[in-house]
Amino acid sequence: MEIARVVLFLFCLYGLVVFAVGKVEELGIPKKNKTISEIFSVDDFETLFSKRNAPLAHAQSFWDYHSFITAAKSFKFDHKGFASTGGDIVQKRELAAFLAHVATETSCASLMAASPTEDSATKFKWGLCYNQELSPDQTYCESSLVYPCAPGATYHGRGALPVYWNYNYGKIGEALKVDLLHHPEYLSDNATLAFAAAMSKWMSPVKVKQPSAHEVMTGKWVPTKNDTLASRLPGFGMTINILKGEAECGAGSDNKQMSDRVAHYLYFLDQMNVGRDNAGDNLDCSDQKVLNPSSTSSR
């Protein structure tokens, strides 16, 4: 009799668990978030950036998975929600979006001659080929009382999402608690810092009361009436507007760099087992009014 009661109790308990799980899914309650390393492994990193150490790459042996994960954890970006909120699909979608921008910014695919032995996807594997701008034609130093240029320093593009201008090195340095204003070269000398600076840009809005790319990709941004009238709507395209502005947005669908970003994003979603069918709406910014006109250099 006692055994029968135990069996009945366990059966009822199982039924309650099944019911609860069903209700969670029915109500759309998000499942427990995973860590970044749980949703994105070293094998995933090697697949997406398999050409980064090729003989023609300019930053051979610089970028690696360990530096990426260390940047997220050491600077607490994972605690702030970077690719760690919203459940499995949202987390992977944000990570694919971030890495698509990184790959587009640091790719040297355009310099490589097409090979008949390589498939069409090869062009997406050349991300992290660079870690800084080559042969800059200016120092990117602008007069600033808050972030004055350091003697002899140049503030050309460095990092995974290249940082330009003294005031941006100063702001990001403050956020990371690293003196990038006096040592901008840290972003081309240290891969962890280079990734961390990119994450800082991703998590921070350009201006107060504007969304960050992170907020857009995690569904935390609600467009204002003005945003809606300007065709600025949630989706990957809005992250392009935030990060690149008028350099790529608001001028129709012919912008190659914008199209490359979208193509990288869709390809990465496929590789991360999310699928481009889950890419979301509003993938490009071709019809969006620019969020910050004449401010692309500020990012």
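In case you missed it, the structure is sitting above this.
Heads up: these notes are all about the structure in this document. Remember, it's a predicted structure, so these values are computed and weren't measured experimentally. (Residues numbered from 1 in each chain as written. Predicted model: local features only at pLDDT ≥ 70, side-chain atom pairs only at ≥ 80, totals over all residues. Heavy atoms only, no water.)

## So, helix H6 (residues 166–176)
What sets the pattern is the α-helix's 3.6 residues per turn: residues three or four places apart point alike. We apply this condition: Think of it in three bands: with a 1.4 Å probe and only protein chains considered, a residue is buried below 20% of the maximum accessible area for its type, exposed above 50%, and partly exposed in between. Working definition: helices are DSSP H or I runs of at least four residues, strands are E runs of at least two. Numbering for both runs from the N terminus. Whether two residues are in contact is decided by their heavy atoms: any pair within 4.5 Å suffices.
Across the 11 residues that make up H6, a large majority, 8, are buried. When H6 is considered as a whole, its buried residues turn out to be Asn-166, Tyr-167, Asn-168, Tyr-169, Gly-170, Ile-172, Gly-173 and Leu-176. The secondary structure elements touched by the buried residues of H6 are helix H7 (186–189) and helix H8 (191–203). Of the residues one or two after H6, Lys-177 is the one with positive phi, at around 60°.

## Section: the packing of helix H5 (residues 88–106) against helix H11 (residues 236–244)
Between two packed helices, what matters for the description is the angle formed by their axes and the separation of those axes. What counts here: Under this scheme, a helix contributes an axis fitted over its contacting stretch, all axes are lines through C-alpha atoms, and angles between N-to-C directions fall in the 0 to 180 degree range. Just so you know how the angles are binned, under 35 degrees is roughly parallel, over 145 roughly antiparallel, 65 to 115 roughly perpendicular, and the rest oblique. A crossing counts as left-handed when the near helix is turned anticlockwise from the far one by less than a right angle, and as right-handed when that turn is clockwise.
H11 packs onto H5 with a crossing angle of 50° between their chain directions and a minimal axis gap of 11 Å. As judged from the angle between their axes, H5 and H11 are oblique. As H5 packs across H11, the resulting crossing turns out to be right-handed. Mapping the contact onto sequence places Ala-97, Ala-100, His-101 and Glu-105 in H5 and Phe-236, Thr-239, Ile-240, Leu-243 and Lys-244 in H11.

## Brief notes about unusual backbone geometry
The phi dihedral of Ser-61 falls on the positive side, at around 65°, and the residue is not glycine. Take Ser-61: it is sitting in the loop between helix H3 (42–48) and helix H4 (65–74). Notably, Ser-231 is not glycine yet its phi reads approximately 65°, a positive angle. Relative to the elements of secondary structure, Ser-231 occurs in the loop between helix H10 (225–229) and H11.

## Topic: the packing of aromatic side chains
Spelled out, the test is: Aromatic pairs are defined between Phe, Tyr and Trp rings, using the six-membered ring for Trp, whenever the two ring centres lie within 6.5 Å; interplanar angles under 30 degrees are classed as stacked, those over 60 as edge-to-face, and all others as tilted.
Taken as a whole, this structure holds 19 aromatic pairs when the rule is applied. An angle of 90° between the planes, with centres 4.8 Å apart, marks the rings of Phe-62 and Trp-63 as edge-to-face. Note on accessibility: Phe-62 and Trp-63 belong to one class, buried. Centre to centre, the rings of Tyr-140 and Tyr-164 are 5.0 Å apart; their planes meet at 65°, and the pair counts as edge-to-face. Of this pair, Tyr-140 sits in the loop between H5 and H6 while Tyr-164 sits in the loop between H5 and H6, and the two are 24 residues apart along the sequence. Judged by its relative accessible area of 24%, Tyr-164 falls in the partly exposed class.

## Here's the deal with the state of the cysteines
Our working rule: Note that a disulfide, as used here, is simply two cysteine sulfur atoms within 2.5 Å.
For the structure shown, the criterion picks out 3 disulfides. Linked covalently through their sulfurs, Cys-141 and Cys-149 form a disulfide whose S-S length is 2.0 Å. Its S-S torsion of about 115° marks the bond between Cys-141 and Cys-149 as right-handed, since a negative value means left-handed. On the accessibility criterion, Cys-149 (24% relative accessible area) is partly exposed. Each sulfur of the disulfide joining Cys-249 and Cys-285 lies 2.1 Å from the other. The S-S bond linking Cys-249 to Cys-285 shows a torsion near -80°; that makes this disulfide left-handed. Of the two residues, Cys-249 is situated in the loop between H11 and helix H12 (256–271) and Cys-285 in the segment after H12; the sequence distance between them amounts to 36 residues. Overall, the relative accessible area of 4% leaves Cys-249 in the buried class. Looking at the protein chain, its bonded cysteines, counted consecutively from the start of the sequence, adopt the pairing 1-2, 3-4, 5-6.

## Comments concerning the pattern of salt bridges
What counts is decided by this rule: A pair is scored as a salt bridge if a Lys or Arg side-chain nitrogen falls within 4 Å of a carboxyl oxygen belonging to Asp or Glu.
Tallied over the entire structure, the rule returns 10 salt bridges. Glu-248 is paired through a salt bridge with Arg-261; the nearest N and O atoms lie 2.7 Å apart. Placement of Glu-248 in the loop between H11 and H12 and of Arg-261 in helix H12 is noted, with a sequence separation of 13 residues between them. For Asp-260, the salt bridge is made with Lys-256, and the minimal N-O distance between the two is 2.8 Å. Here the residue Asp-260 and the residue Lys-256 both occupy positions in helix H12, the gap between them amounting to 4 residues, near one helical turn.

Treat this as a map of the structure, not an account of what it does.
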